[in-house]
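# Summary of structural features
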Amino acid sequence: DRRFLADYRPYPFILEQTGLSFDLAPDATRVKADLALKPRGTVEDLELDGGKDLRLMSILIDGTAPDPDHVRRDGECLIIAAAALPDGPFTLTTEVEIDPSANTAFEGLYISGGMFCTQCEAEGFRHITFYPDRPDVMAPFHVTIRSDQPVLLSNGNPVRQEEGLAEWHDPWPKPAYLFALVAGDLVAISDRFTTKSGRDVALNVWVRPGDEDRAGFAMESLIKSMKWDEDVYGREYDLDVFNIVAVDDFNMGAMENKGLNIFNSKLVLASPETATDADYERIEGVIAHEYFHNWTGNRITCRDWFQLCLKEGLTVFRDQQFTSDMRSAPVKRIGDVQALRARQFREDQGPLAHPVRPEEYEEINNFYTATVYEKGAEVIGMLRRLVGDDGYAKALDLYFERHDGDAATIEDWLKVFEDATGRDLTQFKRWYTDAGTPHLKMTEEWSGEGRLVLNFSQHTPPTPGQDEKPPRVIPIAVGLIGPNGDEVAATRMLEMTKAEQSFTFDDLGARPVVSALRGFSAPVILERQIDNATRAFLLAHDTDPFARWEAGRDLALSALTALAQGQEGGGEYVDAIGQLAADASADPAFRALCLNLPGEEEIATRLSASGITPDPDAIHTARNGLARRVAEAHADLLSSLYDEMTVPGPYSPDAEAAARRALRIAALGLLNRIDRGDRAEVLFGTAGNMTERMAALTCLIRRGRGQAALQALHQQFGDNRLVMDKWFAVQPMAAPPEQAAEVARRLSGRKDFDWKNPNRFRSLLGGLAANHAGFHAPDGAGYDFTADWLMKMDAVNPQIAARLSTAFETWPRYDAGRRAKARAALERMAAMEGISRNMREMVSRMIAAG
Ligand code: ARG
Ligand code: ZN
């Protein structure tokens, strides 16, 4: 059954207070719920959500059992007839029994490593008790926990803590998806934060005994986030405690439960020996993300799940701003664009394309996507570009003032911008309602009399269910670079609103080179006539770091797409990249980004966006060939970079040190193609940090000499789950394509392939999917292996299975042979007995596109 945005209707009851009382036992937990309700208008039937896994023990209305004829269960609902309800306020008391130990889907209350924990977003609370499990029903919560576990946590402020019992009160009305409970043998690393208005907040990061020494960085990140949100958005924390808990079994990254954030342990625990620079940056960013949700998500939540981007797009945008402020803004921007193209453009161009605000779904968990999150953030970035920094600040102040305590919509959000800035956002709203990535064509006319005209046209290809795509407003940031390399026109924000539109630049001396879509000012595919010499010129001279990087990227991609089609190319790229790598004045992180060739997936996406069927093997060969040419042409330079970029002294995850390591590793990756892996071998044995060791290990596997290093790593870290996850991921990822599925198959037979653990499963299956030519091996081995495991997982944890099924989302773009094999795998999954709603929706959307 599908849900539609258009069907929204307020809940017919007002929930004034929620009381919960838990008696925890692994296989028979009792949950008593006291809901203080009152009808919104005339009394209707009271519908409560509740999974089939709830055993109803008792039900009382104002302390009295209703006539059993007035109570019925209907699918995932409990319905109490209006006839059994008073026409004023009343208290509904239910008691249910649940079995957390049988909860392998990790939705609701479950057990991870012996500890009780919860995940309620989006609709997990209905597996805990009968409840109006929808974000627009909000109430203060009072929670009592009885358990022999030593640490008992829930949302809000502690009221009572004694042996075997804890009471928590959360005064801020919240929807059920923000509820959390944790009970376990945990230790905290603790600190304090005083808010601007003087509230003294106790901060704890709770981990399992033995993990304390890897939790410090998470705490530092939390404190930085709290300070930043006060300084930049004027948002203060609003409770006396803030708890973070790390758990090993977690479907997603982390969760912003009010005052009690629960994290996948890989986004909390870090030490130099076990975590890479990328892990550290990600931890800092996700800690910030969840913390920022306290205002954008919790204090102001969503009216319904169609509005998910209201909290996620905005919170991603905020965490991106935070990371830009903490680290290098250009490097962050380039990284975000790379990720957007790799995940969101891919989604937008395939069968799973959907609007930033979807209008229908079968299973909401399938819509925690790159489109809702990352494109949702891009849309806010565009809004900010259009209204300016001051307009944005005014609008956000108004948003917090007007909607604090609300369950809001995208309409509310846009209205705030209209009211604060006077702008009409009717056309802008299409970014929320229309799926697909616009193609933006640019041509130039130079009059010879100092006048340059830029002509733009926009076109968005159809997406499932949306054939017509009217023009959108597109902010296009443009600057001009003179022939001698100086900027002759600073960034101007062109505002395109029509299907075709021209913009004029006057009083120019000589014909300039156009630096277009600076900072990636809109999530579009820019198509322009440009030769390699001009790209190389921009790579050397553009004053906008994103556009400069993009010029190098384009140079690489044009070479790679030519090579993958059996044509010549790459000369200009090899020369230009050598010059850039040698430019000691450029940030090492920036040089590293430029030195890393586009991935095979990105090359395939580029080819298919221009209507060419990608050949994974040809792409693989082309990329290896070009990388080798770069290494041969610049061996001395790369070798000295590799030596110079050594970071002396003890490890620090800061941006500067990470930048040097990034450049060092980029050089290593290229040199590895001509030194037989000798440098990698030495580095693996000597590096004191995981960043360099993982890079070295990847190089060794690529040279076919990874066995000893893999064994050594296993020996050293066999009992460290997070390191072993990397160990499982890197092998199928770096394997030669024709062996990738077999490598994955062999690993899947190991005893320590604990496949019910989401991280472990994701490592292996995701590692294979990240090997483009390996996953798409022409014999279909990658498809079959993946389908077999998704089917097995679907019976245990549908959310994880459905998420990883996106490995198939690009299938329609390949050749007939691969398509037939992918289709067969998809159909096999679609036909499985007892298929979950999650998987059914995913595979049927993917099959429909073929
Ligand atoms: N709200 C969380 C975050 O982005 C994500 C949780 C989503 N969980 C899920 N099961 N869909 O911070
Ligand atoms: Zn979020």
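A quick note: this is a predicted structure, and the numbers were derived from the prediction, not measured. (Residues numbered from 1 in each chain as written. Chains lettered and ligands numbered in written order. Predicted model: local features only at pLDDT ≥ 70, side-chain atom pairs only at ≥ 80, totals over all residues.)

### Description of the nonpolar core
The cut-off we apply is this: One nonpolar core equals one set of buried Ala, Val, Leu, Ile, Met, Phe, Trp, Tyr and Cys residues connected by C-beta atoms within 7 Å. Three exposure classes are used, based on other C-beta atoms lying within 10 Å of a residue's own C-beta, which is placed from the backbone: buried for 20 or more, exposed for 12 or fewer, and partly exposed in between. The numbering of helices and of strands both runs from the N terminus, where a helix is a DSSP run of H or I of at least 4 residues and a strand a run of E of at least 2. Each residue gets a C-beta atom placed from its backbone, and two residues are in contact if those atoms lie within 7 Å.
Ranked by size, the top nonpolar core spans 256 residues in total, and within it Leu181, Val182, Val245, Ile262 and Val268 carry the most contacts. Looking at this core element by element, the count peaks at twelve residues for helix α5 (residues 370–403). Apart from residues no more than four positions distant in its own chain, Leu181 is found in contact with Phe22, Leu109, Phe116, Thr118, Val143, Ile145, Leu153 and Ser154.

### Examining unusual backbone geometry
The omega torsion across Glu121 and Ala122 is 0°, close enough to zero to call that bond cis. Mapped onto the elements, Ala122 comes out in the loop between β10 (115–119) and β11 (139–146). A positive phi angle, near 60°, is found at Asp507, a position not held by glycine. Here Asp507 lies in the loop between β28 (500–505) and β29 (513–516). For Leu517, which is not glycine, the phi dihedral falls at a positive 55°. Within the secondary structure, Leu517 sits in the loop between β29 and β30 (525–528).

### Overview of the UniProt feature "domain: Aminopeptidase N-like N-terminal" (unreviewed entry) in the chain
Put simply, the test is: UniProt positions are given in the numbering used here, feature names are shortened, and annotations may be inferred rather than shown by experiment.
Cross-referencing UniProt, the feature "domain: Aminopeptidase N-like N-terminal" (unreviewed entry) maps to residues 72–178 in the present numbering. The span residues 72–178 is 0% helix and 50% strand, and its two end C-alpha atoms sit 27 Å from each other.

### Considerations on the sheet that holds strand β26 (residues 474–481)
Rules: Two strands qualify as a pair provided that DSSP identifies no fewer than 2 bridges between them. Only the stretch in contact is used when fitting a helix axis, every axis being a line fitted to C-alpha atoms; angles between N-to-C directions are given from 0 to 180 degrees.
One open sheet holds the three strands; their spatial order is β27-β26-β29, and the pairing between them is antiparallel. At either margin of the open sheet sits one strand with a lone partner, and together these are β27 (487–496) and β29. Adjacent strand axes in the sheet meet at a mean angle of 25°, parallel and antiparallel pairs treated alike. Examined bridge by bridge, β26 and β29 share four bridges and lie antiparallel to one another. Paired with Val478 across the strands is Ala516, a residue of β29.

### Some details on the UniProt feature "domain: Peptidase M1 alanyl aminopeptidase Ig-like fold" (unreviewed entry) in the chain
In the numbering adopted here, UniProt assigns the feature "domain: Peptidase M1 alanyl aminopeptidase Ig-like fold" (unreviewed entry) to residues 436–528. The distance from the first to the last C-alpha atom of residues 436–528 is 20 Å, and the span holds 0% helix and 52% strand.

### Overview of the sheet that holds strand β4 (residues 46–49)
Taken together, three strands build an open sheet; the order of strands is β4-β7-β6 and the sheet is antiparallel. Edge positions in the open sheet fall to β4 and β6 (71–74), since each of these has one partner strand only. Taken over all neighbouring pairs, the strand axes of this sheet differ in orientation by 20° on average, direction set aside. Note: β6 against strand β7 (residues 77–80), four bridges, orientation antiparallel.

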